[in-house]
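Structural overview for review
The lines below spell out each chain.
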Amino acid sequence: MRTPLIAGNWKMNTTVDEALELVRAMKDELEKIAEVEKVVCPPFVSLAPVKELLSGSAIKLGAQNLFFAEKGAYTGEISPLMVADLCEYVIIGHSERRQYFHETGDVVNKKIVAALQADIIPIMCIGESLEENEREKTKSVVSEQVRAALAGVKSVSGLVIAYEPVWAIGTGKSATGEQAGETIAFIRHNIADLYGEGTAREMRILYGGSVSSANAAEFMQQPEIDGALVGGASLKAGEFINIVSQASAIKSRK
Ligand code: PEP
C-alpha cells in the first residue's frame, strides 16, 4: 500500500512573511487530514522559518532544487547538506529548471545522486513537451528521462517520481485522469525493468500539471496515481486543503 502524497510547489512566490502566513492558513486543517503525506516546498529563504513554524507538525518540508556539490565556490547555489538540515524532500528536474536553467539529464542525474546521498527524498520530475505529445513520443521521452536521471543509481528506495506533462504545467490545461494514469503505469513498468517488480510496486508516482480542487478527484481515482505535485493551486490555502482532503477521501476508500 503506497501512502498518497500531495506536495505543493510554491515556485518563486511568497516573501518570508507571506510564506509563514500561507502555512498558518493551512496548517490546522491539513493536520486533521489523515492518510495523506503533505509536503510544502517554499522558496529557499523561507525554509528555515517555515520549518520552525512546522515544528511538531506532520506537514513536511521540501526544497525546490539543490546543487550537486557538497560545498565550495559555487556562488548562489545551495548544497545537499544545507537542504538536508531543513528538508525531507527536494524537487529535482522540474521542467522549469530544464527549460530556463538548461538542466540536462546528466545534471538531473547528479542532483538525484547527491540528494539520495544526503538522505533527502527526491521528487523527480519528468514529462513530455507539447510537441513531443503531439508526435506521440510521450512514452519514449519519459522512458529516456527516467533512464538518464537514474543512471548509475543502485537503489531508488523512497524516491518519488512526478509525471508532469510540460504542456499542462501552469497552463490550466491538464491531462485527463486516464491519460495520466496510463503514462504513470508505463513509468512504473520502466522502474520494474530497472529495479524489479517489488521496487516498482512500492514507488510513489504523482501527477502534476494544473491540478486544482476542480479536477483533483479525476486523478486521485486512478489507482496508478499516488498523489499530486501542485503548483499554482498550492498557493491558495483553501485549494490545497481541498485537494489533500479529496486525496484522503478517495485513496482511503480503495
Ligand atoms: C508544478 O509546478 O509542478 C505544477 C504542476 O504547476 P501547476 O500546478 O501550476 O501546473
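Check the entry above for the structure.
These notes cover the structure that comes with them. On a predicted model such as this, the values are computed, not experimentally measured, just so you know.

A closer look at the site of the ligand
Surrounding the ligand, one finds 15 residues, the nearest of these being K11, E164, G170, S210 and G231. One nitrogen or oxygen atom from the side chain of H94 is found 2.9 Å from an oxygen atom belonging to the ligand. A distance of 2.6 Å is found between an oxygen atom of the ligand and a backbone nitrogen or oxygen belonging to G170. In isolation the ligand offers 290 Å² of accessible surface; the protein chains occlude 96% of this area.

A word on unusual backbone geometry
The backbone phi angle of K11 is positive, close to 50 degrees, even though this residue is not glycine. With respect to the helices, strands and loops of the structure, K11 is situated in the loop between β1 (5–9) and α1 (16–32). Relative accessible area serves as the criterion here: at 18%, K11 is assigned to the buried category. Even without being glycine, S210 reaches a positive phi, approximately 55 degrees. Mapped onto the elements, S210 comes out in the loop between β7 (204–208) and α10 (216–220). On the basis of relative accessibility, which here comes to 19%, the residue S210 falls in the buried class.

Conventions used here
Residue numbers here run from 1 along each chain, matching the order of that chain's written sequence. Local features in a predicted model are, by the rule used here, given only for residues with pLDDT of at least 70; side-chain atom pairs are given and counted only at 80 or more, and totals for whole chains, interfaces and linings are based on all residues. To obtain the side-chain values, all non-hydrogen atoms of the structure were included, while hydrogens and water were left out. Working definition: residue near molecule or strand if any one of its non-hydrogen atoms lies within 4 Å of it. The definition of a polar contact used here is a pair of N or O atoms within 3.5 Å, where within protein one atom must be able to donate a hydrogen and the other to accept one, and adjacent residues in sequence count solely through side-chain atom pairs. Areas reported here follow the Shrake-Rupley algorithm with a probe of radius 1.4 Å; residue values treat only the protein chains shown as occluding. Each helix is a run of DSSP H or I of at least 4 residues and each strand a run of E of at least 2, with the numbering of both proceeding from the N terminus. Exposure categories follow from relative accessible area, calculated using a 1.4 Å probe and restricted to protein chains: below 20% of the type maximum is buried, above 50% is exposed, and the middle band is partly exposed.

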